[in-house]
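A closer look at the structure
Residues per chain are reported as follows:
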Amino acid sequence: MTVELICVGTELLLGNIVNTNAAYLAEKCAGLGLSCYYQTVVGDNEQRLENTLHTAIERSDIVILSGGLGPTEDDLTKEVASRVMGRELVEDAGSRACIEAFFAARGAIPTENNWKQALIPRDGIVLPNPNGTAPGVIIAEKDTHVVLLPGPPHELKPMFENHVMPYLMKLEPGIISSQTVKVCGIGESKVETLLKDLIDGQENPTLATYAKTGEVHIRVTAKAEGEKEARRLIKPVVKEIKSRLGNNIYTTEEEVTLERAVVELLLANELTVTCAESCTGGLLSARLINVPGVSDVYKSGYVTYSNKAKRKLLGVKKSTLNKYGAVSRQTAEEMARGLAFLSKSDVAVSITGLAGPDGGTEEKPVGLVYIACCVKGEVTVKEYHFSGNRQTIREAAASAALVLMRSCILEYFSEITFGKK
């Protein structure tokens with residue numbers, strides 16, 4: 001079956017609110033085995049909403065609308081949907097009682113316009129909303145199913161999971177299940193090259209690659225009658241991807257981020273870490289510190305933005321700065337070595353670069369970044385050339401630092417394992 005999403009609200013069109021509902025609903029519907037070919041955002045305009053809904057009903061089995069169910073005059077979704085589906089609005093006693101209880105619990109008196117939320121299309125299925133005042137509704141007509149959901153995510157999500165998902169599961173037997181393989185250290189084009197035969201020959205499961213900042217995600221998706229069968233189909237494909245990409249894979253768990261994988265690697269090897277950042281201004285430390293349990297490995301962080309700070313705090317030589325400049329391989333290495341000595345950490349990471357938009361030269365353009373990682377006294381320095389605005393370059397540098405940390409730690413213990421140390 002096909003599903004179409006319509007998100008209602010002028011504030012979405014203007015960019016005042018990020019449309020997170022569409023991403024949430026699309027992912028959930030895909031997991032139910034529904035094919036979504038169209039998503040639309042329409043403002044609080046009666047005629048445009050009516051035209052949009054007519055079009056959606058003609059080409060899709062299920063239409064899910066979010067937003068426009070509130071008490072104000074510009075909340076038009078229910079009225080328009082009722083007219084399009086040929087249903088009159090009638091007051092639902094249960095919905096009215098819920099609205100009364102909602103206000104009573106807060107010691108407030110509902111204004112008259114709140115009662116419009118108790119009007120339900122005749123023969124519609126009421127979806128209770130314990131988190132707000134606007135109930136949801138399902139209007140079914142032959143092979144067409146129109147679902148109306150409130151706009152606020154904290155109301156929409158529980159309503160969808162508790163009431164809409166069970167309804168849709170009865171309409172479309174079978175599920176779609178996915179597993180994500182997360183890769184770092186190589187780009188999307190290299191990943192696609194290494195997996196080209198798998199991608200070209202895909203049927204069920206299917207493979208898709210997604211480029212992220214500093215990493216690549218590979219989503220393996222299978223359609224089956226149940227979760228167990230879907231997992232059986234996915235397992236050998238993931239195993240083959242692992243055999244080809246090796247240590248470049250840092251996780252196959254959806255909830256694990258790159259920084260969490262790095263922290264877990266530090267914890268597993270009982271290593272401590274300290275960071276010294278120039279152009280990133282603490283972004284690397286912030287990402288590490290965002291991981292629960294990092295206090296067992298993270299010792300300290302320094303933002304050494306000026307040359308003076310690099311000299312006074314990290315021991316970078318004045319002669320190095322004069323000869324090579326703050327953005328150089330030599331400075332990055334001295335920052336990491338000085339940091340390791342200062343902090344007595346097992347792992348010391350330094351970042352220095354030009355985030356722009358000004359300050360670049362032909363020799364050292366904006367986006368040039370040097371990152372050094374010192375593991376147990378051994379230093380690796382890498383040169384990077386990032387593009388984009390100031391924030392994009394800073395975020396890319398922080399991601400690259402995490403990738404380099406992970407690579408250096410793995411290499412260090414690999415050499416111990418194979419007797420090279």
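The notes below deal with the structure included here. Keep in mind it's a predicted model, so treat the numbers as computed, not measured.

Once that is clear, we can look at the pairing of strand S1 (residues 2-8). A large share of S1 lies buried, amounting to 7 of its 7 residues. The alternating pattern of S1 places Thr2, Glu4, Ile6 and Val8 on one face and Val3, Leu5 and Cys7 on the opposite face, and all of these are buried. With 7 bridges joining them, S1 and strand S2 (residues 35-42) adopt parallel strand pairing. Note on S2: the bridge partner recorded for Glu4 is Tyr38. One ladder, built from 5 bridges, connects S1 with strand S3 (residues 62-66); its direction is parallel. Note on S3: the bridge partner recorded for Val3 is Ile62.

Before going further, it helps to spend a moment on the environment of Thr10. Within the fold, Thr10 resides in helix H1 (residues 10-13). Residues Thr10 and Asp74, spaced 64 residues apart in sequence, show a C-alpha to C-alpha distance of 9.7 Å. For Thr10, the residues in contact, after removing those within four places along its chain, are Gly43 and Asp44.

Further remarks concern the sheet that holds strand S9 (residues 175-184). Strand order across the open sheet formed by 4 strands is S10-S11-S9-S12, with antiparallel pairing between neighbours. The sheet is open, and its two edges are formed by strand S10 (206-212) and strand S12 (249-251), each paired on a single side. For this sheet the average axis-to-axis angle between neighbouring strands, irrespective of direction, equals 35°. Here S10 runs beside strand S11 (residues 215-224); their pairing, made up of 7 bridges, is antiparallel.

Reading guide: rules and limits
- Residues numbered from 1 in each chain as written.
- Predicted model: local features only at pLDDT ≥ 70, side-chain atom pairs only at ≥ 80, totals over all residues.
- Heavy atoms only, no water.
- Buried < 20%, exposed > 50% of the residue type's maximum accessible area, 1.4 Å probe, protein only.
- Helix = DSSP H or I, 4+ residues; strand = E, 2+ residues; numbered from the N terminus.
- Pairing = 2+ DSSP bridges.
- Contact = heavy atoms within 4.5 Å.
- Axes fitted to C-alpha atoms, helices over the stretch in contact; angles between N-to-C directions.

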